[in-house]
Amino acid sequence: MKSVTITLWIMLITSITIGIGYLFEDDVIFGIIIFIFSTVFLLGFRELGKPSYSYRIAHIYVGSILIVMTAGYILASFLFSLVNLIIGEEIMSLKISDMLLLLLGVYSSYNIYRLRKTAIRPEKKNN
Amino acid sequence: MKLSEAPTGVQVEVLHIEESDITPRLRGIGILPGIKIEVLKNAPMGDPRMYRVFSKVITLRNSEANLIEVQVSEDSPLPLTFVRPGDYKVEYIEGGKIARMNLASIGIVEGAVIRLLGDRRVQTDKGIYDVGFGKLSKVHVLPMKALFKADNAK
Amino acid sequence: MVITVGLVGNPNVGKTSLFNRLVGARQYVANWPGVTVTRIEGATTYKDQTLHFIDLPGIYTLSTTSIDEKVARDFLLYTPPNVTVVIIDSLSPEQGIYLLLETLELNLNVIAVFNVIDEAKKNGIKIDKSSLETHLRVPVVLTSAHTGEGIEQLFETILATFKKTNRAKLLDYGPEIESKVSELENCFDDIYNKRFLALKLIEGDKFARELLKKDVDVSSILDGSASNLAVKIAKTRYDYALNVLNSAMRKNENVLTSMEAIDHVFTHKYIGIPIFFALMYLAFNFTFKASEPLVGLIEAGFQKLTDVIGSSTMLTSLISQGIINGVGSVISFIPSIFALFFALGIMEESGYLPRIAFLMDKAMCSLKLTGRSFMTLLLGFGCNVSSVMAARGLSDERERVTTILVSPFVSCSARIPVYLMIIGIAFPNHKAEAFFVMYLLSIALTALSARIINKVVMKGESIPLVMELPRYRFPSLSNVATYMWNRGKHFLQKAGTIILVASIIVWGLSYFPDPTNIENSFAAMIGKGLQFIFAPLGFQWQTVSALLFGGAAKEIIVSSFAQFYGGIENIVIDPVIAATLMVFILGYIPCFATLAAIKSETNSLKYPIISVVYSLFISYVLALCVAVVGRMIL
Ligand SMILES: Nc1nc2c(ncn2[C@@H]2O[C@H](COP(=O)(O)OP(=O)(O)O)[C@@H](O)[C@H]2O)c(=O)[nH]1
Ligand SMILES: [Mg+2]
């Protein structure tokens, strides 16, 4: 349970930082989107629901999926922009927030992988 | 009680379905008298709602769920606001840390045995309290009698 | 010798996936109920036998409330296949067995297939095949359309069952119902399956009533107790199903916890809807950003090609201007279209789409539509024809027609090239934002139209929503790729057919009678002749002509523009007119294919005409607003 809380904190703080980063880089809409995704982690703290299953994990899980998708979007845009090299135009330049987001994406995929292995799984009723 | 009025998280048993155009489809999905349905969650505005029938999750609007008359299954925890006065065991508490702390301070914790009095006040180990409606609805309880039965069955 | 095999089952159990496996087809598969709305046929040979497979829409029962259900029921009733395969979801088999029991009443050669066995195994569900076979008295095959497990065996079983003559014994409903059934059986002609119809009659199915012999009166047999008996019938079937499963299946109690967990966040009270909009923004931005470099590359390639060929003679002009420039300008936007389908594919395959329907249902309710129709309309972002077709899955006639009529306002992917062209010219610094705004506008216009149509054309109540939410699945790349290809290839075909032809016609109209000056061409004459209509919007003759030709298919607008200006890079449009133009294009008349679909789906000329008149009117008014407001601001 403790590691879950820590993960929530890590995800929340880094994602908010990245969101602010995007605001400073004048990408307001994208910043807002990151904020929306970080509220997934924020609301995770409210969950103390049913004892049999912790919804906090769900928040980490889904939040991580969303972050991975966003990072994947940045990555795909970057990779496709490499095509520009052929016609001699500039490729997309990755800004600092983009880099951070990609890193967070890697961490999130690790989260997803880990949770799929352990927590998010049809568990037996704990008697 | 109508299906649309059943609180989330409880299991209900269908008693009767009013005939309408969609009754055959409801029957096909498995909504029949005697069948147990689990109320899963509400959409943002409280309508439609998600239910589990056998292993399928389906959504119904409240206007359709109104056609279905149900009763809460005996072994399904209910919010304190839904039960008659009597002795209950707290099964789980919905809601955040603060709500839990508040409830714990008056002796309502998971696993505790409490008594709901006729005037809707709650008697716990720590005394008799007047608890707000909002908080009461977060406390899910099982009647002591049902627990007793379940234990005997084991 | 041809063996016909019908595939029936609940929605979303993998019928189409299995069909694709069996006949090697690539039909549209997605993780939400109601994808297949017509019967799809395909043939294959196995051991020198020709097997003809028919994929049917998903149903819960053979009593029917919507058109797609009727398609499945009528098929089984009037043209019974040699073998009927009832496909059952191994993770939620109860409803499947109910349908199986109903199908058995039709006295067909039935095989029960428990599909998605791969997921069942992962979830620790054990299925005892032989026990199922003894209890259900039909051959049982366990399959997975994903891994291919059991497919071979299914083929074998089909061949074996086909030869079989003794049919499975039917369920006994107890003396009270059985006596009613035998009484009622006399009221039907011999050509029908009387027992089936008699049961359906008791269950209150209207169509069974229509098939009664003339001048028989069943009201004496079906006194007030019918609805009680109907419940009893259903209950007998379910009790049987549960008993069978009890002995043949070991289930893990908490199978769906992970799904609940995910759903908890995706359909969250507060953040469910914001997440949806954020994802939509990402999806449309992806369409735009990821494909932009590829679009540039292809454009550059075609540009080179036209330059090499030149346009000095009539023939070279036809090739370089009419064909390469005209068609090429459209083809170069194909990567964007594929990118959009990629994003939509993930959304559909993961099972997220029905959750959106769940979230948005309340909002749709105020438009007198359901979340179901919201889902149908989302399909329209791909192609309006598919959303018009998919509206069949809507059980209420009024909702269906409304959905069909508003479908054209959902900004289909054929409009992407047009927007991208105009945005590229007029808003080079705010491409992504302008693109997203168009989509928001499209949603608003769709909602507004639904409101208007419900007020004016049809009046009615709100409609029931009974929808199954499928399990979440991690979308596999191959599935998404298939989806993308399936839906995107349509545009390649279009480029080779209607757009090619239209481009050549447009070329002809702009080449003759004076090849040296396009201002004297037929196209210019037409455009200038009609320009007065669009004078308030500030359109030039090129725009007017392009809009006229683009009525057939929206991409032709791009191709016409490219030809009138001799290439996209030569076009200049000022931002206000560009915005006006985009708003006008968003709404103005559905393309021919959509109109044809509207006509065939509503079976009347009235609705296509309403659609054309209404959309011209509303888009003109809106465009005028944009033009006026735009000029005031700038
Ligand atoms: N894991 C798994 N998924 C399947 C299988 N068969 C179908 N699916 C998935 O189930 C969903 C619905 O499939 P589809 O063929 O459209 O179902 P239909 O509505 O019955 O035609 C899709 O997301 C498929 O990818 C299977 O055998 N295993
Ligand atoms: Mg299908």
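See the structure shown above.
Residues numbered from 1 in each chain as written. Chains lettered and ligands numbered in written order. Predicted model: local features only at pLDDT ≥ 70, side-chain atom pairs only at ≥ 80, totals over all residues. Heavy atoms only, no water.

Comments concerning the overall build of chain A
Condition: Secondary structure is summarised from DSSP: a helix means a run of H or I of at least four residues, a strand means a run of E of at least two, and numbering begins at the N terminus for each. The classification of residues rests on relative accessible area computed with a 1.4 Å probe and restricted to protein chains. Under 20% of the type maximum is buried, over 50% is exposed, and intermediate values are partly exposed. Surface exposure here means Shrake-Rupley accessible area, sampled with a 1.4 Å probe, where a residue is shielded only by the protein chains that are shown.
Of regular secondary structure, chain A possesses five helices and zero strands. Secondary structure elements of chain A, listed N to C terminal, follow the sequence α-α-α-α-α. Out of the 127 residues in chain A, the part that is buried amounts to 48%. Here chain A displays about 6,500 Å² of accessible surface, and carbon together with sulfur accounts for 69% of that area.

Some words on the interface of chain C and chain B
The cut-off we apply is this: In what follows, residue pairs with any heavy atoms lying within 4.5 Å of each other are defined as contacts. Buried surface area refers to the total accessible area, computed with a probe of radius 1.4 Å, that the two partners give up upon joining, counted for both partners together. Here, a salt bridge means any Lys or Arg side-chain nitrogen found within 4 Å of an Asp or Glu carboxyl oxygen. The term polar contact refers here to a pair of N or O atoms within 3.5 Å; inside protein, the definition further demands a hydrogen-donor-capable atom paired with an acceptor-capable atom, and it admits residues adjacent in sequence only when both atoms are side-chain atoms.
Across the contact, 48 residues belong to chain C and 33 residues belong to chain B. Here chain C meets chain B over a buried area of about 3,600 Å², counting both sides, of which 60% is carbon and sulfur. Ranking the residues of chain C by area buried against chain B places Phe358, Lys362 and Val466 of chain C at the top, with a combined share of 18%. Linking chain C to chain B there are three salt bridges. A salt bridge links aspartate 47 of chain B to lysine 362 of chain C; the nearest nitrogen and oxygen atoms lie 3.7 Å apart. The tally of links from chain C across to chain B stands at 15 residue pairs in polar contact (both at pLDDT 80 or more). Of all elements in the fold, only α3 (93–104), α10 (226–248), α11 (257–266), α15 (353–366) and β9 (466–469) of chain C reach the threshold of two or more residues within the side of chain C that touches chain B. By residue number, the principal contributor to the side of chain C that touches chain B is α10 of chain C, which donates seven residues.

What to know about the sheet that holds β9 of chain C
Using the following cut-off: Any two strands with at least two DSSP-identified bridges between them are counted as paired. In this description, a line fitted to the C-alpha atoms serves as the axis of each element, helices being fitted only across the stretch in contact, and the angle between N-to-C directions of two axes falls anywhere from 0 to 180 degrees.
One open sheet holds the six strands; their spatial order is β5(B)-β1(B)-β2(B)-β3(B)-β4(B)-β9(C), and the pairing between them is antiparallel. Both edges of this open sheet fall to β5 (68–72) of chain B together with β9 of chain C, since each of them pairs with a single strand only. Each adjacent strand pair in this sheet contributes to an overall mean axis angle of 40 degrees, direction not counted. Looking at chain direction, strand β4 (residues 56–60) of chain B and β9 of chain C are connected through four bridges and run antiparallel. Bridge pairing in β9 of chain C links valine 57 of chain B to leucine 469 of chain C.

Quick notes on the pattern of salt bridges
Residue and element names in this part refer to chain C. Under the counting rule described, the total for this entry stands at 29 salt bridges over all chains. We note a salt bridge from glutamate 102 to lysine 200, for which the minimum N-O separation is 2.4 Å. Here glutamate 102 is found in helix α3, whereas its partner lysine 200 is found in helix α8 (residues 194–202), with 98 residues between them in sequence. Here glutamate 102 matches lysine 200 in class, with each residue buried. By sharing partners, the salt bridges in this structure join Glu102, Glu105, Lys200, Glu203 and Arg237 into a single network.

Focus: the packing of aromatic side chains
Residues and elements named next belong to chain C. Quick note on the threshold: Geometry of aromatic contacts follows a simple scheme: Phe, Tyr and Trp rings, the Trp one being its six-membered ring, pair when their centres are within 6.5 Å, and the pair is stacked under 30 degrees between planes, edge-to-face over 60, tilted otherwise. Geometrically, a charge over a ring is one whose NZ (Lys) or CZ (Arg) sits within 6 Å of the ring centre while staying within 35 degrees of the ring normal.
Throughout the structure, instances matching the rule amount to 30 aromatic pairs over all chains. Between the aromatic rings of phenylalanine 284 and phenylalanine 381, the centroid separation amounts to 5.4 Å while the plane-to-plane angle is 70 degrees, which identifies the pairing as edge-to-face. Placement of phenylalanine 284 in helix α12 (residues 272–309) and of phenylalanine 381 in the loop between α16 (371–379) and α17 (384–390) is noted, with a sequence separation of 97 residues between them. A single burial state applies to phenylalanine 284 and to phenylalanine 381, both of which are buried. Summarising the aromatic geometry, the rings of phenylalanine 539 and phenylalanine 584 are spaced 6.2 Å apart at their centres and angled 70 degrees between planes, so their arrangement reads as edge-to-face. A residue pair is termed long-range when its members are at least 10 positions apart, and phenylalanine 539 in the loop between α23 (522–534) and α24 (541–550) and phenylalanine 584 in helix α26 (residues 575–587) qualify at 45 residues. Overall, phenylalanine 539 belongs to the buried group, its relative accessible area being 2%. Ring pairs connect the aromatic residues Phe534, Phe539, Phe584, Tyr588 and Tyr620, which therefore count as one cluster. Directly above the aromatic system of tyrosine 98 lies the positively charged group of arginine 237, at a separation of 5.4 Å from the ring centroid.

Brief notes about the site of ligand 1
All names here are of chain C. Inclusion rule: Distances are taken per atom, and a residue is near a molecule or strand as soon as one of its heavy atoms is within 4 Å of it.
Taken together, 20 residues are adjacent to ligand 1, and Lys15, Thr16, Ser17, Ala145 and Arg473 come closest. Taking glycine 14, its main chain carries an N or O atom lying 3.0 Å from an oxygen atom of ligand 1. Backbone polar atom of alanine 145 to an oxygen atom of ligand 1: 2.7 Å apart, as the coordinates give it. Only α1 (15–23) and α4 (117–122) provide two or more residues apiece to the shell around ligand 1.

A look at the environment of isoleucine 58 of chain B
With respect to the helices and strands, isoleucine 58 of chain B occurs in strand β4. Remark: the alpha-carbon pair of isoleucine 58 of chain B and isoleucine 29 of chain B, spanning 29 residues in sequence, is separated by 8.8 Å.

With respect to the packing of helix α2 (residues 28–44) of chain A against helix α3 (residues 55–81) of chain A
When two helices pack together, their arrangement is given by the angle between the helix axes and the distance between those axes. All names here are of chain A. Put simply, the rule is: Every angle not falling under 35 degrees, over 145, or within 65 to 115 is termed oblique; those three ranges are roughly parallel, roughly antiparallel and roughly perpendicular. Left-handed describes a crossing whose near helix is turned anticlockwise from the far helix through less than a right angle; right-handed describes the clockwise counterpart.
One way to put it is that α2 packs onto α3 with a least axis distance of 7 Å and a crossing angle of 160 degrees. Taken together, α2 and α3 sit at an angle that is classed as roughly antiparallel. Pair α2 / α3 crosses with left-handed handedness. On the side of α2, the interface is formed by Phe30, Ile34, Phe37, Val40, Phe41, Leu43 and Gly44, while α3 contributes Arg56, His59, Ile60, Gly63, Ser64, Leu66, Ile67, Thr70, Tyr73 and Ile74.

As for the packing of helix α18 (residues 397–406) of chain C against helix α20 (residues 431–456) of chain C
Residue and element names in this part refer to chain C. Let me state the cut-off plainly: Residue type decides the class: Asp, Glu, Lys and Arg count as charged, Ala, Val, Leu, Ile, Met, Phe, Trp, Tyr, Cys and Pro as nonpolar, and the leftover types, Gly among them, as polar.
At a minimum axis distance of 9 Å, the contact between α18 and α20 shows a crossing angle of 135 degrees. Taken together, the axes of α18 and α20 lie oblique to each other. By crossing handedness, the relation of α18 to α20 is classed as right-handed. Judged by residue contacts, Arg398, Thr402, Leu405 and Val406 of α18 engage Thr446, Ser449, Ala450, Ile453 and Asn454 from α20. Tallied by class, residues from the contact of α18 with α20 come to four nonpolar, four polar and one charged.

With respect to the sheet that holds strand β6 (residues 78–79) of chain B
Paired through their backbone hydrogen bonds, the strands of a sheet run either parallel or antiparallel. All names here are of chain B. Pairing in this open sheet of six strands is antiparallel, and the strands run β6-β11-β7-β8-β9-β10 from one edge to the other. Where the open sheet ends on each side, the last strands, each with one partner, are β6 and β10 (127–129). Judged from the five bridges that link them, strand β7 (residues 86–93) and strand β11 (residues 139–143) form a sheet pairing that is antiparallel. Note that in β11 the partner of valine 90 across the bridge is valine 141.

Here's the deal with the side chain of asparagine 384 of chain C
Residues and elements named next belong to chain C. Within the element layout of this structure, asparagine 384 appears in helix α17. Looking at asparagine 384, the relative accessible area reads 3%, which means it is buried. Of note is the side chain of asparagine 384, whose polar atom sits 2.6 Å from the side chain of arginine 415. Leave out the neighbours within four places in its chain, and asparagine 384 touches Ser407, Pro408, Val410, Cys412, Arg415 and Thr594.

Nothing here speaks to function; it is geometry throughout.
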